[in-house]
Amino acid sequence: MENRFESTPIEYLKGVGPLRGEVLKTELGVFTFGDLLNHFPFRYIDRSKFYLAAELKEDMSFVQLKGKITEIHEVGEGRSKRLTGTFTDPSGSVDLVWFKHIKWIKETISINKLCILFGKPTVFNRAFNMVHPEVEYFETQTVALGLQPIYNLTEKLRSHRLDSKSISKLIIALLQYNTYHIDDVLPEYIQGKYQLQSRDVAYQMIHAPKSNAEISEGQRRFKFEELFFLNLKISGLKNKRKRDVTGFVFHKIDYLFNTFYASHLPFDLTNAQKKVLKEIRADMATGKQMNRLLQGDVGSGKTIVALLSMLIALDNGTQTAIMAPTEILANQHFENISNLVSGLGLRVELLTSTTKKAKKTKILEHLLNGQIDIMIGTHALIEKDVVFKNPGLVIIDEQHRFGVEQRAKLWNKHSTPPHVLVMTATPIPRTLSMTIYGDLDVSKIDQIPEGRIEIKTVHRFETKRRELFSFLKQEIDQGRQVYYVYPLIAESEKLDYQNLLDGYHTLKHEFPEPMYTMGMIHGKMKAKDKEIVMSAFSRGELNMLVSTTVIEVGVNVTNASVMVIENSERFGLTQLHQLRGRVGRGPYQSYCILLSSLKLGAIARKRLEALIETTDGFEIANLDLKLRGPGDVLGTQQSGLLDLKVSDLVKDEALLIKTRHETDALIQEDPLLKLPKNSRLLNWLEKQKRLKGDWGGIS
Ligand code: ADP
Ligand code: MG
């Protein structure tokens, strides 16, 4: 049953009507009474306190004063027309000015009548001044002198005289409506267990709070609800897949795995690698589809784990694939893996957008008839015409570059879905992995192979480039190689591109041929040309690689010992960490040199300091989340999933975890929400399905 009150169209509310109703719909997405109640204030102003004109200070936010407006005048002509006035109280005076709705304001102001003035003081011509203050007279006063909620506004709302105060009035009218009735959506036993207010009371606390304590009480209730339902969907989805989706049973460990392990493995696995391999192996033997996230910091050795997992799949008679986000990375995997498995009689192929047509046709044919064992590629692998005979395991490297839907494309076309292993080098803060990847099981490589020497990270102002150059020469003379990175940010692409070219010429001049060899790669180059430069650098034929962030992910050149980052203040923290991870992969002391201009903002400084202080990717990811917010950390592709209205993944981590425990337990006990005590949840989910379509798109 729909709640009649909540679903009443907004234009029926007294004071709204068709015209304002339309504005509320288009500007705020408010269609119904319920929608309006869900339009929460973003802050509150304490209107119980009065200031004196003499107490005003420049940096104050909104204040209110008690006194009289002693004069108003219309001044100026045409566009510069405005209304000015003077407000006086026993301690002094404030200048007032209005630029809009002049006629209307003039009509509503009474001279020399005691009033409340409300606004933000600014200093203009050495006197205190308020622009567009609110004025209220005592006999018509409608604002309670307590905590006043402030709502988000748009210009269009304002032009229909829907300011924060009038929205507040509308909502208060709703709260006092004679048919006011709000259905609760959380089961009673959960409300009781967590001492949550019922929904109707919580709305009162949010929109008409009597104290700060009420505000937090109301907020806590809605945050709980939001995170609870987010988690309920995730818990439900995960459970559903575990129940419904059958997967290949890989019960054998056979020739390929054993031979490789005994005689091809180039090093001993770390304990962490062994641990995650066990988890993966067990998961692939359950008869359910594996959906696992493999987290491991840069350099923790995910590739070998991926390969060993693939060998298990191959031992069990299926094909495997590995998908990388860039051409360079796909190439590198192809070379690396081809080398590692040589002699095992496996057919490894590479498919990218630059694969020649004839070759592609052949690959597609052999993929379909099962002749190809290991298919490596980029996004090209998710095209419609790419069909495997029997894919048993699909590995996605550097997941954060792939959207959720893209992941799904890989296996939708097959009846028995392959196992899926998603690898990410960007350590994801727990709150994010719980939400974005909440339906995946997680394995973590929490150890870096032994014998690595910690990278030295320093910050230098770009005025010290001279000294930097002689240091680079020293390193190159000792046989090492250097990455030299310039930012390339979409918004200022042209300028950045020019910077890169100028930089390249300066460096070329500083490191002349034939003494030094240098290459450049950037996103505008043809994939093939990038490839030529990149592989020359990998083979050690170039001393220095000048580039944009195209080398950011995965690239592995063990002889490279220095990473120089120009304008490092313009990079995100995670990105800097990724770049730094390109060095320190071999037996040499490595360096990451963060260059910046002398002007360095507070947040940029924090980022650089954090990077100097720690090489722990998880610590860095957490800080990144705090500095930037979840949308940015993941890129726009996935931020839509996190359209949280009231809660904040950083501040509300504890609540997120608590609600997940609750929903996991709940789904365990009552997977289909059939128990009477959970009937409200079933109603809620069904209503959501009707409103938004199925949420099952994740994964
Ligand atoms: P990432 O997790 O960043 O993808 P890679 O798989 O590229 O890391 O591994 C980084 C480097 O460490 C590679 O040169 C790889 O050969 C090496 N490596 C991986 N595992 C080990 C190990 N157990 N012992 C020594 N070196 C290892
Ligand atoms: Mg990698």
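Residues numbered from 1 in each chain as written. Chains lettered and ligands numbered in written order. Predicted model: local features only at pLDDT ≥ 70, side-chain atom pairs only at ≥ 80, totals over all residues. Heavy atoms only, no water.

Asker: What is the right way to read the site of ligand 1 from this model?
Answerer: Among the 16 residues in the neighbourhood of ligand 1, the closest are listed as Asp268, Gly299, Lys302, Thr303 and Arg452. Between ligand 1 and Gly301, the relevant distance is 3.1 Å, taken from an oxygen atom to a main-chain nitrogen or oxygen of the residue. Thr303 is positioned with one of its side-chain polar atoms (N or O) 2.6 Å from an oxygen atom of ligand 1. Compared with its free state, where it exposes 560 Å², ligand 1 has 82% of that area covered by protein. When the residues that make up the shell around ligand 1 are grouped by side-chain class, the tally is four nonpolar, seven polar and five charged. (Near = heavy atom within 4 Å. Polar contact = N/O pair within 3.5 Å; in protein donor to acceptor, adjacent residues only side chain to side chain. Areas by Shrake-Rupley, 256 points an atom, 1.4 Å probe, with all protein chains shown as cover. Nonpolar A, V, L, I, M, F, W, Y, C, P; charged D, E, K, R; others polar.)

Asker: Looking at this structure, I do not really get unusual backbone geometry. What am I missing?
Answerer: Leaving glycine aside, a negative phi is the common case for residues, and trans is the common case for peptide bonds. Cis peptide bonds are those with omega within 30 degrees of zero, and the linkage from Glu513 to Pro514 qualifies with 0 degrees. Mapped onto the secondary structure, Pro514 falls in the loop between helix H18 (493-510) and strand S19 (518-521). Unlike most non-glycine residues, Gln195 shows phi in positive territory, near 50 degrees. As for its placement among the helices and strands, Gln195 is situated in the loop between helix H7 (188-193) and helix H8 (199-207). Owing to a relative accessible area of 62%, Gln195 belongs among the exposed residues under this scheme. Even without a glycine there, the phi angle at Leu673 is positive, about 55 degrees. The exposure class assigned to Leu673 is buried, which follows from its relative accessible area of 4%. (Helix = DSSP H or I, 4+ residues; strand = E, 2+ residues; numbered from the N terminus. Buried < 20%, exposed > 50% of the residue type's maximum accessible area, 1.4 Å probe, protein only.)

Asker: What should I look at first to understand the domain arrangement of the protein in this one?
Answerer: When the parts of a complex come together, some accessible area is lost, and that lost area is often used as the size of the interface. Split by domain assignment, the protein resolves into domain 1 (1-47 + 143-183), domain 2 (56-138), domain 3 (255-445) and domain 4 (456-614). Each of domain 2 and domain 4 was reduced to a C-alpha centroid, and the two centroids are 56 Å apart. (Domains from an automatic or database assignment.)

Asker: What is the right way to read the pattern of salt bridges from this model?
Answerer: Any two side chains of opposite charge can pair if their charged atoms end up close together. Overall, the coordinates contain 30 salt bridges when judged by the stated rule. Across the pair Glu107 and Lys103 runs a salt bridge, and its minimum N-O distance is 3.7 Å. Taken together, the positions of Glu107 and Lys103, both in helix H4 (residues 102-108) and four residues apart, correspond to about one turn of that helix. Like Lys103, Glu107 is exposed. Across the pair Lys165 and Glu134 runs a salt bridge whose closest N-O atoms are separated by 3.5 Å. (Salt bridge = Lys/Arg side-chain N within 4 Å of Asp/Glu carboxyl O.)

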